[in-house]
Amino acid sequence: NAGVTQTPKFQVLKTGQSMTLQCAQDMNHNSMYWYRQDPGMGLRLIYYSASEGTTDKGEVPNGYNVSRLNKREFSLRLESAAPSQTSVYFCATVRGGAGAYNEQFFGPGTRLTVL
Amino acid sequence: KQEVTQIPAALSVPEGENLVLNCSFTDSAIYNLQWFRQDPGKGLTSLLLIQSSQREQTSGRLNASLDKSSGRSTLYIAASQPGDSATYLCAVRRAGGTSYGKLTFGQGTILTVHP
């Protein structure tokens, strides 16, 4: 099992360009998340999807959109990239619902630079 | 708003030493607390998950404790090795509300174990 995979691993964009970050999981987990990690800010939640067909905003959703394509895939889209979106983006999954016994698993990350 | 603080921000120890990393959180209404390890340029690897009803969890040389009422957790690493060098992150999962499975992260402790 690959676990949580993310593509691409690295990306450089110019201001104003758009792109989609892909995340896929083969663990049959219900919930999926997108975080960004910045020096001095830690990891912050951008968007999450509690289950297939639902998405909700996290702490820092501005400038992003998401799509929960199916149970396996959760994509993050930057419509018009800005230098402030330079960051490392992580996708994560959780097996179950609101229960306490659920561990989060993270993908390897996408390192995005916006010039 | 939940805030998570990790002390110290960085720690350098000689190989073989036992060490303690600290994590504190401001809101005790949590489902669980998770400790992660992050190697440079890599994703997050889950080390230990402690449920709110538990006091501690152990995995090999790692032991994590939780005192929910005082908002504190510690990660104890026994007989440290150079391979333990990494950033250690703690994260809490809020109980209830609409923040479905959302984790709030600390800033991390950068651990260096030198031979």
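Conventions we followed
- Residues numbered from 1 in each chain as written.
- Chains lettered and ligands numbered in written order.
- Predicted model: local features only at pLDDT ≥ 70, side-chain atom pairs only at ≥ 80, totals over all residues.
- Heavy atoms only, no water.
- Disulfide = S-S within 2.5 Å.
- Helix = DSSP H or I, 4+ residues; strand = E, 2+ residues; numbered from the N terminus.
- Buried < 20%, exposed > 50% of the residue type's maximum accessible area, 1.4 Å probe, protein only.
- Polar contact = N/O pair within 3.5 Å; in protein donor to acceptor, adjacent residues only side chain to side chain.
- Contact = heavy atoms within 4.5 Å.

This brings us to the state of the cysteines. Scanning all chains against the criterion turns up 2 disulfides over all chains. The disulfide partner of Cys23(A) is Cys91(A), and the S-S distance across this bridge is 1.9 Å. Measuring the twist about the S-S bond at about -70°, one finds the Cys23(A)-Cys91(A) disulfide to be left-handed. Of this pair, Cys23(A) sits in strand E3 (residues 19-25) while Cys91(A) sits in strand E9 (residues 87-94), and the two are 68 residues apart along the sequence. Here Cys23(A) and Cys91(A) have matching classes, each one buried. For Cys23(B), the disulfide goes to Cys90(B), at an S-S distance of 1.9 Å. Across the S-S bond linking Cys23(B) and Cys90(B), the dihedral sits near 75°, which makes this disulfide right-handed. In this pair, Cys23(B) is assigned in strand E3 (residues 19-25) and Cys90(B) in strand E9 (residues 86-94), connecting sequence segments 67 residues apart. Each member of the pair, Cys23(B) as well as Cys90(B), carries the same accessibility label: buried.

In this chain, Thr7(A) is followed by Pro8(A) through a cis amide linkage whose omega measures -5°. Within the fold, Pro8(A) resides in the loop between strand E1 (4-7) and strand E2 (10-13). Despite not being glycine, Asn28(A) shows a phi value in the positive range, around 60°. The residue Asn28(A) is located in the loop between E3 and strand E4 (31-38) in this model. A positive phi angle, close to 45°, is found at Ala79(B), a residue other than glycine. One can find Ala79(B) in the loop between strand E8 (72-77) and E9. The class of Ala79(B) is partly exposed, set by a relative accessible area of 38%.

We now examine the side chain of Gln34(B). Residue position: Gln34(B) is located in strand E4 (residues 30-38). Classification of Gln34(B) as buried rests on a relative accessible area of 0%. Engagement of the side chain of Gln34(B) in a polar contact is seen with the backbone oxygen of Gln104(A), the distance being 3.1 Å. With residues near it in sequence (within four places) discarded, Gln34(B) still touches Glu103(A), Gln104(A), Ser46(B), Leu48(B), Leu49(B), Leu89(B), Cys90(B), Ala91(B) and Leu103(B).

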